[in-house]
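An overview of the molecular structure
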Amino acid sequence: MRFDGAHRPGREPAATAPDRRLLDPRGAAAYRPDLDGLRALAVLAVMAFHAAPGRVTGGFVGVDVFFVISGYVITLSLLRDRGDENRLAGFYRRRIRRLFPALLAVLVATSVVAWSTLPLADLKHYFRHLVWGALFLSNYGFWRESGYFNSFPAAKPLLHLWSLGVEEQFYLLWPPILLLVGGNKRSKAIIALLALLSLMLSVHLSMTAAATAFFSPFSRGWEFLAGALAALAPPARLGRHPAASWTGTAGLLMIAASVVVVNLDRPYPGWWALLPTCGAVLLVVAGPDGWAGRKLLSHPVLVGIGLISYPLYLWHWPLISFASTLTYDVLPWTWRLGALLLSFPLAWMTFRFVERPARRGGGRTVACLVAAMAALCGAGLTANRLTGRPGLRPVIDPRIAFVSSYRNALLAPRAFNCSLGNTERGTVRTALPAPCLPQGKPRTWLILGDSHANALTPGLRHAAPADVAVAELYGGGCAPLDIGKSRFCSETARASLSLVAMLRPELVLLAQQHDHDRRDWNALALQLKRAGARSVVLIGPVPQWLGSLPQIVATHDWPRIPAYERTSLDAAILSTDAKLRNADSGRFAFTYLPLIPRLCSSAGCRASVPGTQPPVLMVRDYGHLTPEGAAYIAESIIVPELEAHRPGAAGGERAGMSVARRSR
């Protein structure tokens, strides 16, 4: 993200003045201190979101505000230079002097810290991300990883550079387009149409491919174009007219509302992004003389923060990320606050001793900056190859490596993905891969559910009898037959019923994360039986923790890996399991198979898998089973219970099963 600060007149030599002043289309000087204040509010919102995402849920909309400001500032800059035959070359030289110095300083510093602190797997990821950042392609790289949505973002110190990539791609595309269409009335209609098409694409992708919508420059382009249209519009000349105050105040309230009501559970950017984007446009149009611009945004403190907002943005997230690593992903609030406070002096020093001197340079400075960025890119590629060779790095805290190993195992893709698609990236399957639907055996078990069911499946495949084929269909975030939560979940539910009709399995096994006591399992079981299932078994939840079990072990038990852990156990899950075991179930059409009574005792719940050396934890995070944990549960609990209560099995209904087979 670029926070292109417009600086106070007189701060720099006259040679750099055009780059720090905003000029209207007629060429008149029009420094806007209120825009520096708006930049400050935007970067503070982003920082608050990164430090406390559970509280400042919509702080990331600060990025949208910056996109509007960028579209406005860059368009004015290009209009100012329209009489210059070399305006494109001059524009890109200014962008390099503006963007590269601070980014180079931050990338070099973070690389030194990463080399000294990150475990091997995280370090290899870091250097790949470093190359993306140096090439201004971070948005495409993190789109491939769907970074904000289905991974652990604090493990990626350069994740925030995605927005810088989006802006740089706008810088490459917008100047030639503006040069081509010009600035007349007809061209403004063309630009407005382009903005509308981009908005419609954003709305569509937000519903069908969330990560694509979030990271793509084409679904973000309308925000830049909204700022560009504000620059192309005739000056409003509102001055201190009440209309300026009302317009600016409305814009400020829209941005404030978006910080409160927007969150990553909503389709974003899409329609929701209109709130901060339109708010920013209103503040830009209102000018510096309305109440919001004059009294709030032009306050010296906010203007000062706005001037350093670009390096402030660059520094704050790596500090939070490394703090998270050093505290084993726990990150107490004192560390969060310390990271935010430290980012301010680092940003000021970067602005004072790196940015400003670089802006005074000419063509040689530009060439040196480009060469330095290319060298850093090459160094990242080389370091990625060298990472892992013995003796090259200091010894890493074993607790950091321990927590990282479980986090990376959680993020690693399965050998085959038995889902209809990746909803974050918008990929959808019409058929499952063959390994998800093994056939050719006399008996079939089909497991349906969410990511917790998916984590259990490897254990079932490992422990199932030789004459049983284990099939699977899961939907991330979708409970079994979950119709109505989302279009993806509804499609997964319909596909599940079709799969039951095709396979006619001996058993359908249902599993999900939580809320087992809030669903009508009897109705779902009857629906599955009508589709072709002979028996339906609801597998109870595994023990879960309020936080990550690897973090708990690293901070409370290290170096011992306990057999049982009671610290931060999720009591709600234990209570849910007790409700289902004690339910009046005589008329139910399914069997409830509880796991918690066999995994928990007065000492807590089982934390490590018996017989593993070194000990392996049962779950990778708060509750997703490790492959070893899934194999243990399947071998010791699930498969023996299913086989003992199979119709016709010797011994009939064994007294040890908590809930007996239900009748139709």
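The text that follows walks through the structure, step by step, so that each part is easy to find.

So, how was this worked out
- Residues numbered from 1 in each chain as written.
- Predicted model: local features only at pLDDT ≥ 70, side-chain atom pairs only at ≥ 80, totals over all residues.
- Heavy atoms only, no water.
- Helix = DSSP H or I, 4+ residues; strand = E, 2+ residues; numbered from the N terminus.
- Expected span 1.5 Å × (residues − 1).
- Buried < 20%, exposed > 50% of the residue type's maximum accessible area, 1.4 Å probe, protein only.
- Contact = heavy atoms within 4.5 Å.
- Polar contact = N/O pair within 3.5 Å; in protein donor to acceptor, adjacent residues only side chain to side chain.
- Salt bridge = Lys/Arg side-chain N within 4 Å of Asp/Glu carboxyl O.
- Phe/Tyr/Trp six-rings, centres within 6.5 Å; stacked < 30°, edge-to-face > 60°.
- Lys NZ or Arg CZ within 6 Å of the ring centre and 35° of its normal.
- Disulfide = S-S within 2.5 Å.
- Pairing = 2+ DSSP bridges.
- Right-handed = clockwise from strand over helix to strand, strands pointing away.
- Bend = angle between axes of the 7 residues up to and from the residue.
- Axes fitted to C-alpha atoms, helices over the stretch in contact; angles between N-to-C directions.

Some words on helix H12 (residues 274–286)
- End to end, H12 covers 18 Å across 13 residues, agreeing with the expected 18 Å (1.5 Å per residue, within 8%).
- Turning to H12, its buried residues number three or more, namely Pro276, Thr277, Gly279, Ala280, Val281, Leu283, Val284 and Ala286.
- Where H12 is buried, its residues touch helix H2 (33–51), helix H3 (62–80), helix H10 (217–232), helix H11 (242–261) and helix H13 (291–297).

So, the side chain of glutamate 472
- Relative to the assigned elements, glutamate 472 resides in strand S4 (residues 468–474).
- Classification of glutamate 472 as buried rests on a relative accessible area of 1%.
- At 2.7 Å, the side chain of glutamate 472 and the side chain of asparagine 454 are in polar contact.

With respect to the pattern of salt bridges
- According to the stated counting rule, one finds 20 salt bridges in the structure shown.
- One salt bridge connects glutamate 145 with lysine 156, and the closest N-O pair in it is separated by 2.6 Å. Taken together, the residues glutamate 145 in helix H6 (residues 138–145) and lysine 156 in the loop between H6 and helix H7 (162–181) connect sequence positions eleven residues apart.
- A salt bridge links aspartate 515 to arginine 518, with the nearest nitrogen and oxygen atoms 3.8 Å apart.
- Sharing partners across several salt bridges, the network here consists of Arg443, Asp467, Glu506 and Glu643.

A few points about the packing of aromatic side chains
- As enumerated under the stated definition, the model contains 21 aromatic pairs in all.
- Taking the centre distance of 6.3 Å and the plane angle of 50° together, the rings of phenylalanine 60 and phenylalanine 214 count as tilted. Remark: phenylalanine 214 occurs in helix H9 (residues 210–215) and phenylalanine 60 occurs in the loop between H2 and H3; sequence separation between them is 154 residues.
- On the accessibility criterion, phenylalanine 60 (5% relative accessible area) is buried.
- For phenylalanine 214, a relative accessible area of 2% puts it in the buried group.
- Ring plane angle 85° and centroid distance 6.2 Å describe the contact between phenylalanine 91 and tyrosine 171, whose orientation is recorded as edge-to-face. Of this pair, phenylalanine 91 sits in helix H4 (residues 87–117) while tyrosine 171 sits in helix H7, placing them 80 residues apart in sequence.
- Among the residues examined, phenylalanine 91 registers a relative accessible area of 1% and is labelled buried.
- Taking relative accessible area as the criterion, tyrosine 171 reaches 1% and is therefore assigned buried.
- Across from the ring centre of tryptophan 521, 5.1 Å away, lies the NZ or CZ of arginine 519, which sits over that ring.

Re unusual backbone geometry
- Going from tyrosine 268 to proline 269, the amide bond is cis rather than trans, its omega being 10°.
- Mapped onto the secondary structure, proline 269 falls in the loop between H11 and H12.
- Proline 559 follows tryptophan 558 through a cis peptide bond whose omega is 10°.
- Counting through the fold element by element, proline 559 comes out in the loop between helix H22 (549–557) and strand S7 (564–565).
- Its identity as a non-glycine residue notwithstanding, leucine 481 has a phi of 50°, on the positive side.
- By the element assignment, leucine 481 lies in the loop between S4 and helix H20 (487–503).
- Residue classification places leucine 481 among the buried positions, given a relative accessible area of 9%.

Let's talk about the state of the cysteines
- With the rule as written, the count across this model stands at three disulfides.
- What pairs with cysteine 418 in a disulfide is cysteine 436, and their sulfur atoms sit 2.0 Å apart. Residues cysteine 418 and cysteine 436 share a disulfide whose torsion about the S-S bond is about -90°; that sign makes it left-handed. Within this pair, whereas cysteine 418 is found in the loop between helix H18 (398–411) and strand S1 (421–422), its partner cysteine 436 is found in the loop between strand S2 (427–428) and strand S3 (443–449), the two being separated by 18 residues in sequence.

Brief notes about the pairing of strand S5 (residues 507–511)
- Burial analysis of S5 places five of its five residues in the buried class, the great majority of the element.
- The alternating pattern of S5 places Leu507, Leu509 and Ala511 and Val508 and Leu510 on opposite faces, both of which are buried.
- As judged from the four bridges shared by S5 and strand S6 (residues 535–539), these two strands associate in the parallel manner. Counted as the bridge partner of valine 508 is valine 536 from S6.
- Running through helix H21 (residues 521–531), the crossover from S5 to the neighbouring parallel element S6 is right-handed.

Things to note about H10
- The terminal C-alpha atoms of H10 lie 21 Å apart, and with 16 residues this matches the ideal 22 Å at 1.5 Å per residue to within 8%.
- Along H10, the largest kink reaches about 25° and is centred on glutamate 223.

Overview of the sheet that holds S3
- The five strands lie next to each other as S4-S3-S5-S6-S8, forming an open sheet whose pairing is parallel. The sheet is open, and its two borders are formed by S4 and strand S8 (591–593), each paired with just one other strand. The mean inter-strand angle of the sheet, taken between neighbouring strand axes irrespective of direction, is 25°.

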